[in-house]
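Geometric and topological summary
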Amino acid sequence: MHLFATALLLVMAAAFLAFRRLAALYPEWSVPLGFAIAFAEAAMVGGLADWFAVTALFRRPLGLPIPHTAIIPVNKDRIADSMARFLRDNFLTPQVVARRLHGFNLAASAGAFLADPRRGDQSRLSEGAAGLFADVLESLDPEQMGGMVKAGMRRQLEKVELAPLLGQMLDNAIADKRHLPVLESLLRKIGETVEANEPMIRTMIHQRANTIMRWTGLDERLANGVLDGTYRLLAEVIVQPEHPLRGKIDDALTRLADDLRGDPAMRIKVERLKLELLENPAVAAWMDSMWERAREALLRAMRNPDRALAGSLGDSLGQLGQALGEDARLQALVNRFARRTLVGVSSRYGSEIVRLVSETVKRWDAKTVSDRIEGAVGRDLQFIRINGTVVGGLVGLAIHAVDRWL
């Protein structure tokens, strides 16, 4: 479109020169050639004026330091702040979010999409939204965005009282006997550890035996007895569901679950341990890697939504969508949860999201901002130049006709 608009301007310039030449050679054609010259001359003026206006938005025309040109690069920071204010005032205040969600059945819409994500306009809308979301996610600063996500995760983890939750989970596992495979695996691992370190255990027994036991060889028999008894005990506990040691382990786990739920001292210890873990650099590194993997997986899914919805995951989402579309109580529950969650997110993180957008745009260099905006709306801007050329020519015809009439 840029080449077409420029070519049209050059055609008008060539036509103007040609018509002027013809008017000098053929005076008898002065009347029709006068209209043609007026059209070409006014078209050039209109085309040049709109070329200047369009170019002045993104750069200095012909590189000249003309005032009030290169408007977007010069005002990049102000544009970033204006975008952030627009985003905050129209999308990220709790009042706006609550008003926009009022009466909107988000669950039914999500259910219809999940049930048939490839349906006609819905598919095009989802592909466009996925591509836009991926572009926005890629353009945001990964470190700052990751810091926001990790800070939010940390705040949520700090709010969760871990001891009662662990106690309830342990109690449920014992009731459903889901702890037995873990117990059996642990006993097998103990047996493997004893077997791998058998020479060291024998050496320890020999060193602690007295001289008489070593002279009589009783230390070796003692070592064999200890190891054989350990192996036999572990094997019996593993293969006998009613072994007394299993009962003692279950009793100990039950007491631990009760303490986690009801003992204030145990709760304080668990909370202190949780905070120490959150302060541990290894946990911070784990959260970093988890966020980066989640970000990459999300980008892959957004870039290829059909592949992301394929297989068993797509089938499960389809069943979820069907349930959301048919169950009115489930819709009400999901809609209420979504409204509360989105209003809460806008209240807690709206200002941070706005600041993130503003700072990201400010970090872009002026050429990047100009190229991205021009690439987004450039086709329409070139139509302005084309329209200016054509409309200018028509206005020139009208002026010439009025001039001759007067």
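Further up the page is the structure itself.
About the cut-offs
- Residues numbered from 1 in each chain as written.
- Predicted model: local features only at pLDDT ≥ 70, side-chain atom pairs only at ≥ 80, totals over all residues.
- Heavy atoms only, no water.
- Helix = DSSP H or I, 4+ residues; strand = E, 2+ residues; numbered from the N terminus.
- Buried < 20%, exposed > 50% of the residue type's maximum accessible area, 1.4 Å probe, protein only.
- Contact = heavy atoms within 4.5 Å.
- Axes fitted to C-alpha atoms, helices over the stretch in contact; angles between N-to-C directions.
- Parallel < 35°, antiparallel > 145°, perpendicular 65-115°, else oblique.
- Left-handed = near helix turned anticlockwise from the far one by under 90°.
- Nonpolar A, V, L, I, M, F, W, Y, C, P; charged D, E, K, R; others polar.
- Core = buried A, V, L, I, M, F, W, Y, C linked by side-chain atoms within 4.5 Å.
- Salt bridge = Lys/Arg side-chain N within 4 Å of Asp/Glu carboxyl O.
- Patch = residues over 30% accessible without salt bridge, like charges linked within 9 Å, V, L, I, M, F, W, Y side chains within 5 Å.
- Areas by Shrake-Rupley, 256 points an atom, 1.4 Å probe, with all protein chains shown as cover.
- Phe/Tyr/Trp six-rings, centres within 6.5 Å; stacked < 30°, edge-to-face > 60°.
- Expected span 1.5 Å × (residues − 1).
- Arc of directions from axis to C-beta.

Some remarks on the overall build of the chain
What the chain contains, in helices and strands, is 20 helices and zero strands. Across the 406 residues in the chain, those meeting the buried criterion constitute 27%.

As for the side chain of Asn-335
Position of Asn-335 among the secondary structure elements: in helix α19 (residues 328-363). Excluding residues within four positions of it along the chain, Asn-335 makes contact with Phe-104, Asn-105, Leu-106 and Ala-107.

Describing the side chain of His-400
If you trace the backbone, His-400 turns up in helix α20 (residues 366-405). Sequence-distant contacts of His-400, defined by excluding residues within four places in its chain, comprise Gly-34, Phe-35 and Ala-38.

Comments concerning unusual backbone geometry
With a phi angle near 60 degrees, Lys-177 is a residue other than glycine that sits in the positive phi range. Turning to its location among the elements, Lys-177 is positioned in the loop between α9 (162-175) and α10 (180-196). Accessibility expressed as a relative area gives 55% for Lys-177, which makes it exposed.

A word on the packing of helix α1 (residues 2-25) against helix α2 (residues 30-58)
It is the contact of α1 with α2, at a shortest axis distance of 8 Å, that shows an interaxial angle of 150 degrees. As far as their axial angle goes, α2 and α1 are roughly antiparallel. For the pair α1 and α2, the sense of crossing is left-handed. Contacts between α1 and α2 involve Leu-9, Met-12, Ala-13, Ala-15, Phe-16, Phe-19, Arg-20, Leu-22 and Ala-23 from the first element and Leu-33, Ala-36, Ile-37, Phe-39, Ala-40, Glu-41, Ala-43, Met-44, Gly-47 and Leu-48 from the second. The class makeup of the residues in the contact of α1 with α2 is 16 nonpolar, one polar and two charged.

Some words on the packing of α9 against helix α15 (residues 264-279)
The description of two packed helices rests on the angle between their axes and on the distance between the axes. As a packed pair, α9 and α15 sit with axes 8 Å apart at the nearest point and diverge in direction by 105 degrees. On the basis of their axis angle, the class for α9 and α15 is roughly perpendicular. Residues Leu-162, Ala-163, Pro-164 and Leu-166 of α9 form the contact with α15, whose own contacting residues are Arg-267, Val-270, Glu-271 and Lys-274. Along the lines of polarity and charge, the residues of the contact of α9 with α15 split into five nonpolar, no polar and three charged.

Observations regarding the nonpolar core
Nonpolar side chains tend to gather and get buried jointly when the protein is soluble and globular. Grouped together as the largest cluster of nonpolar side chains are seven residues: Met-12, Ala-15, Phe-16, Ile-37, Ala-40, Ala-43 and Met-44. When residues of this core are traced back to their parent elements, those giving at least two are α1 and α2. Sequence-distant contacts of Met-12, that is, excluding residues within four places in its chain, are made with Phe-39, Ala-40, Ala-43, Met-44 and Thr-389.

Observations concerning the pattern of salt bridges
Under the definition given, this model contains seven salt bridges. Here Asp-171 makes a salt bridge to Arg-261, at a shortest N to O gap of 3.2 Å. Of this pair, Asp-171 sits in helix α9 while Arg-261 sits in helix α14 (residues 244-262); the two residues are 90 residues apart in sequence, bridging distant segments of the chain. The shortest N-O distance in the salt bridge between Arg-178 and Asp-176 comes to 2.5 Å. Taken together, the salt bridges that share partners define one network made up of Asp-171, Asp-258 and Arg-261.

Here we look at a nonpolar patch on the surface
Together, Val-160, Leu-165, Leu-166 and Met-169 make up an exposed nonpolar region whose accessible area comes to about 320 Å². Relative to the helices and strands, Leu-166 resides in helix α9. Given a relative accessible area of 34%, Leu-166 falls into the partly exposed group.

Overview of the packing of aromatic side chains
Scanning the model with the defined rule gives one aromatic pair in all. Ring geometry for Tyr-26 versus Trp-29: centroids 5.0 Å apart, planes at 25 degrees, classification stacked. You can call Tyr-26 partly exposed: its relative accessible area is 35%.

Overview of α10
Between its first and last C-alpha atoms α10 spans 24 Å; for 17 residues at 1.5 Å apiece the expected length is 24 Å, and the two agree. Among all positions of α10, only Leu-183, Leu-187, Gly-191 and Val-194 are buried. Viewed end-on, α10 has its buried residues packed into an arc of 80 degrees, placing them on one side of the element. Exposed residues on α10 whose side chains face more than 90 degrees from its buried face are Pro-181, Val-182 and Ala-196.

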